[in-house]
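Each chain is listed here by its residues.
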Amino acid sequence: MLDEFWNKPGNTNQNWINNNSLQKDYYNFLKENKFIVGNAKRPDKDAREKTSGLVEIGLIDNDRKLTQVGRKLLGISKLGNFNSDNELNIAKDSYIYLKQLLKMSTTVENKTVRPFILLIYFLSKLEYLTKEEFCYILPLCVDDSIAQKAINFIKKIRKDNGTIDNFIIDFIFNNDTYNKALNVFMSNKDSEKLITTIGINRKSRTYDKPYYNFYEILKEIALKRKLKNNILKLYKQTEKINGKAKNFWKKYLFSSTEKNKLQKEPLKCLKENSLLNKNKTEFKTEFFKLLHLFKIKSTLSDYLDLNRRYFKLTDIIIFEDEKIKLDTLPYYYFKNNINELYNLAFTKSDILEKDCNITEICNDLIFDEKQILHIINSERKSKYSSLKEFTNSVNDERYVRFNNLISTKFSNEKIIDLLELFETRSDDKINELVTYNADIPTIFEYILGIIWYKISEYKGKILDYMNLSLDADLLPKTHAVGGSADIIYKYDKTNVFPEHAVLLEATLTNNQNQRRAEIEPVSRHLGDYLLQTENNKSYCIFISNFLAINVVSDFINRKTYHHYSNDGTKSVTGLKIIPLQTSELKTIIKKGLKYKNLYLLFDKAYLSNEKADSWYNKNIVSTL
């Protein structure tokens, strides 16, 4: 969209920086193209914020013009070919994001740090990070000294010799900014101005005003032991604290936050804590410590999802079971070169905007198959003779992870709930339950793949059959892959059916658009597949949240249809296309029907000469 915007007449020679009018025009351009909705109070500011992330990772420059690497990414997207072209076997666009994040740096308190290199270093040294370690420890490592201390601290935490809070507190008391603020706090008379000053709020001091009354009530409780009438007051004042910090304070101070109990039995609601039974100096020091501990945790928890989303772009980071780790092959690849790569962790790259080879980022990032294989065999106590043999083993591990994902996240009950959400088009809820990294039609295809994998009794290479791009967590990503059926499920010969394939075609188009959008491509995909494989036992199942009557009529009457190759030299007669609505898919799941049952049912339905207006009810609905 930026590319289109700059090519519009009148925009070509303009500059973005300090051009509020142009920025507002871009905001309106996004609205016209239905990329955003609503009316921003500051359209120019919104336009800057919408594009700032692309500047950070080098896809556009400060003037919002596409960089060399931005053009490379756009070219891949326009071609719609995301197939891997690299030794790590990740999608083309993911490989670009990987290189960009390796180059990307940020500045924290005048210190430069490359967050992604830091993450890889930690994962190489520790194998994994817990969600809390990733959220609260990693972002505080802005130099080598803190990073090394953090790694040692994490090892201690895992041996029950410390907590993450201990690490953050240690960070606070070893930071010059916080120490100066503490000195100011201890050497001046308490006041609202003092509290808002030592809060070090980077947006505005006014955000910290609620802390003054909160602090004064705490003093009454802790220093003067005036408990009974102040506990409810303290709770009410805690509610006025900004952000998630209020929740940390509530959890720390109160054993119960029920209003009735706070009124009737306030003493039972106050927890024993480190602020009580202290002199004034100790109290103030403890308050300062907790104030910043909870503020830091609040801020970092706000950034958790954003950090996760950026890192997931690379397709080499796995987030599962409350742990973060590198995918298998990337783990050994970076392990081979980690110390050399880490030397760049606190430097700024001068090739951020350049489309480059990975070895231009770090000379030592050579994909040395022999050396990587040596590390694999050494760590795994294995005897792989080639990386291909190893990757085949890794693929088996992927299926173990995928089956575990299905059992934990996609039980039959949850899938039925999702199908109902597709029927009502509750898109936000679907994204929440599955992923925000794919659009709804892509998620629909993915869920159908899982359903068919279950119906097929977990037999078959479903990860190969789905014409989808999956991220490192085996969740779907939106990629414009076209030209064939959504899912091609292959079956070996059994005593029930012959060797064949089922082309699963999925759509969420409505009554008006379904006939126009689906009949031609569905028939073409099946016809071309039959010509290519010369297996006339293969057929198609067309699945939708709503079946239009004319689509049903067209598909069941394709039994005598002739489909030709483009040059007219070959043809097939008769296309077996079975329409299926999600309402019946739910019935199949509830009844636990398997593919061997459905094959016979669909075959009988195909041979039926029932009229279109009653065919579906008599041959599908009533027979399930």
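The following paragraphs examine the structure supplied in this document. (Residues numbered from 1 in each chain as written. Predicted model: local features only at pLDDT ≥ 70, side-chain atom pairs only at ≥ 80, totals over all residues. Heavy atoms only, no water.)

## Here we look at the overall build of the protein chain
Right, so step 1: Tallying secondary structure elements over the protein chain gives 31 helices and 13 strands in all.
Right, so step 2: When its C-alpha atoms are laid out on the principal axes, the protein chain stretches across 90 × 65 × 65 Å.
Right, so step 3: Buried positions account for 51% of the 624 residues belonging to the protein chain.
Right, so step 4: Sequence separation of at least 24 residues holds for 65% of the intrachain contacts in the protein chain that already meet a minimum separation of 6.
Right, so step 5: Of the accessible surface of the protein chain, which amounts to about 31400 Å², a share of 46% is contributed by carbon and sulfur atoms.
Right, so step 6: The average position of the 97 basic charges and that of the 80 acidic charges among the side chains of the protein chain differ by 6 Å. (Helix = DSSP H or I, 4+ residues; strand = E, 2+ residues; numbered from the N terminus. Buried < 20%, exposed > 50% of the residue type's maximum accessible area, 1.4 Å probe, protein only. Contact = heavy atoms within 4.5 Å. Areas by Shrake-Rupley, 256 points an atom, 1.4 Å probe, with all protein chains shown as cover. Lys, Arg positive; Asp, Glu negative; His and termini not counted. Charge placed at Lys NZ, Arg CZ, Asp CG, Glu CD.)

## Here we look at unusual backbone geometry
Right, so step 1: Positive phi, normally seen in glycine, also occurs at R64, with a value near 65 degrees.
Right, so step 2: Positive phi outside glycine occurs at E534, with the angle close to 60 degrees.
Right, so step 3: With respect to the element layout, E534 can be found in the loop between α27 (511-533) and β10 (539-544).
Right, so step 4: E534 sits in the exposed class, given a relative accessible area of 66%.

## Quick look at the nonpolar core
Right, so step 1: Formed by 120 residues in total, the largest nonpolar core has its most connected members in L98, L102, F116, F122, W249, F287 and I317.
Right, so step 2: At 11 residues, helix α17 (residues 280-312) tops the list of elements feeding residues into this core.
Right, so step 3: In this view, I317 contacts F116, L119, L123, F311, I324, K325, L326, A472 and D473; residues no more than four positions away in its chain are not counted.
Right, so step 4: Counting 82 residues, the second-largest nonpolar core is a separate cluster that includes I416, V552, L585 and L601. (Core = buried A, V, L, I, M, F, W, Y, C linked by side-chain atoms within 4.5 Å.)

## Quick look at the packing of helix α6 (residues 115-126) against helix α8 (residues 144-158)
Right, so step 1: One way to put it is that α6 packs onto α8 with a least axis distance of 11 Å and a crossing angle of 40 degrees. One finds that α6 runs oblique with respect to α8. Crossing of α6 against α8: the hand is right-handed. Seen from α6, the contacting residues are L118, Y121, F122, K125 and L126; seen from α8, they are A147, Q148, A150, I151, I154, K155 and R158.
Right, so step 2: Grouping the amino acids of the contact of α6 with α8 by side-chain chemistry returns 8 nonpolar, 1 polar and 3 charged. (Axes fitted to C-alpha atoms, helices over the stretch in contact; angles between N-to-C directions. Parallel < 35°, antiparallel > 145°, perpendicular 65-115°, else oblique. Left-handed = near helix turned anticlockwise from the far one by under 90°. Nonpolar A, V, L, I, M, F, W, Y, C, P; charged D, E, K, R; others polar.)

## Here we look at the state of the cysteines
Joining two cysteines, a disulfide is a covalent bond between their sulfur atoms.
Right, so step 1: With the rule as written, the count across this model stands at 0 disulfides.
Right, so step 2: Left without a disulfide partner, C135 is nearest to the cysteine sulfur of C141, which lies 13 Å away. (Disulfide = S-S within 2.5 Å.)

## Describing the packing of aromatic side chains
Right, so step 1: Within this structure, the stated rule accounts for 49 aromatic pairs.
Right, so step 2: On the numbers, 5.1 Å between centres and 25 degrees between planes, the contact of Y489 with Y491 is stacked.
Right, so step 3: With a relative accessible area of 8%, Y491 lands in the buried category.
Right, so step 4: Ring pairs connect the aromatic residues F185, Y211, F214, Y215, F248, W249, Y252, F283, F287, F288 and F294, which therefore count as one cluster.
Right, so step 5: A cation sits over an aromatic face here: K65 above W6, 4.3 Å from the ring centre.
Right, so step 6: Sitting above the plane of the F185 ring, K284 keeps its charged end 4.4 Å from the centroid. (Phe/Tyr/Trp six-rings, centres within 6.5 Å; stacked < 30°, edge-to-face > 60°. Lys NZ or Arg CZ within 6 Å of the ring centre and 35° of its normal.)

## Considerations on the sheet that holds strand β13 (residues 577-581)
Strand pairing in a sheet relies on backbone hydrogen bonds. The paired strands run either parallel or antiparallel.
Right, so step 1: Ordered in space as β8-β9-β10-β13, the 4 strands form an open sheet in which the pairing is mixed. At either end of the open sheet lies a strand with only one pairing partner, and these are β8 (487-491) and β13. Neighbouring strand axes in the sheet, compared pairwise and without regard to direction, differ in orientation by 25 degrees on average.
Right, so step 2: Inspection of the sheet shows β10 paired to β13 by 5 bridges, in the parallel sense. Along β13, the bridge assignment pairs F542 with P579.
Right, so step 3: On the sheet, helix α29 (residues 582-591) packs against β10 and β13 and is oriented at approximately 85 degrees with respect to β13. (Pairing = 2+ DSSP bridges.)

## Let's talk about the side chain of T507
Right, so step 1: Within the secondary structure, T507 sits in strand β9 (residues 500-507).
Right, so step 2: Setting aside chain neighbours within four positions, we find T507 in contact with F444, Q514, E518, F542, I543, S544 and N545.

## Some details on helix α12 (residues 210-222)
Right, so step 1: The end-to-end C-alpha separation of α12 is 18 Å, in line with the 18 Å expected for 13 residues at 1.5 Å each.
Right, so step 2: Among the residues of α12, those classed as buried are P210, Y211, F214, Y215, I217, L218, K219, I221 and A222.
Right, so step 3: Of the surrounding elements, those touching the buried residues of α12 are α10 (176-187), α11 (192-198), α13 (231-238), α14 (245-253) and α17. (Expected span 1.5 Å × (residues − 1).)

## Focus: helix α22 (residues 387-409)
Right, so step 1: In this model, α22 (23 residues) spans 31 Å end to end at C-alpha, consistent with the 33 Å of a helix rising 1.5 Å per residue.
Right, so step 2: Within the span of α22, buried status applies to L387, F390, S393, V394, Y399, R401, F402, L405 and I406.
Right, so step 3: Of the surrounding secondary structure, the elements contacted by the buried residues of α22 are β4 (317-320), α18 (328-335), α21 (369-380), α25 (440-455) and α26 (462-465).

## Focus on the pattern of salt bridges
Right, so step 1: Tallied over the full model, the rule gives 38 salt bridges.
Right, so step 2: In this structure, the salt-bridge partner of D143 is K111, at a minimum N-O distance of 2.7 Å. Within this pair, whereas D143 is found in the loop between α7 (131-137) and α8, its partner K111 is found in strand β2 (residues 111-113), the two being separated by 32 residues in sequence.
Right, so step 3: Note on D143: relative accessible area 18%, which makes it buried.
Right, so step 4: A salt bridge links E610 to K618; its shortest N-O distance comes to 3.4 Å.
Right, so step 5: Using a relative accessible area of 27% as the deciding quantity, one classes E610 as partly exposed.
Right, so step 6: Because the salt bridges share partners, they merge into one network encompassing D190, E216, K219 and K284. (Salt bridge = Lys/Arg side-chain N within 4 Å of Asp/Glu carboxyl O.)

## Looking at the sheet that holds strand β3 (residues 129-130)
Right, so step 1: The strand order β3-β5-β4 describes an open sheet built from 3 strands, whose pairing is antiparallel. Of all the strands in the sheet, the pair left with one neighbour each is β3 and β4.
Right, so step 2: Summarising the sheet, β4 and strand β5 (residues 323-326) pair through 4 bridges and their orientation is antiparallel. Bridging across to β5, I317 finds its partner in L326.

## Thoughts on the side chain of K219
Right, so step 1: Take K219: it is sitting in helix α12.
Right, so step 2: Residue K219 is classed as buried on the basis of its relative accessible area of 15%.
Right, so step 3: In this structure the side chain of K219 is engaged in a polar contact, spanning 2.8 Å, whose partner is the side chain of D190.
Right, so step 4: When near neighbours in sequence (up to four residues on either side) are disregarded, K219 contacts D190, K224 and F283. (Polar contact = N/O pair within 3.5 Å; in protein donor to acceptor, adjacent residues only side chain to side chain.)

## A short note on the environment of Y399
Right, so step 1: With respect to the helices and strands, the residue Y399 is situated in helix α22.
Right, so step 2: Owing to a relative accessible area of 12%, Y399 belongs among the buried residues under this scheme.
Right, so step 3: Between the C-alpha atoms of Y399 and K284, which are 115 residues apart in sequence, the distance is 55 Å.
Right, so step 4: Excluding its chain neighbours within four sequence positions, the residues that come into contact with Y399 are Y453, G460, K461, I462, L463 and D464.
Right, so step 5: Of note is the side chain of Y399, whose polar atom sits 3.1 Å from the backbone nitrogen of L463.

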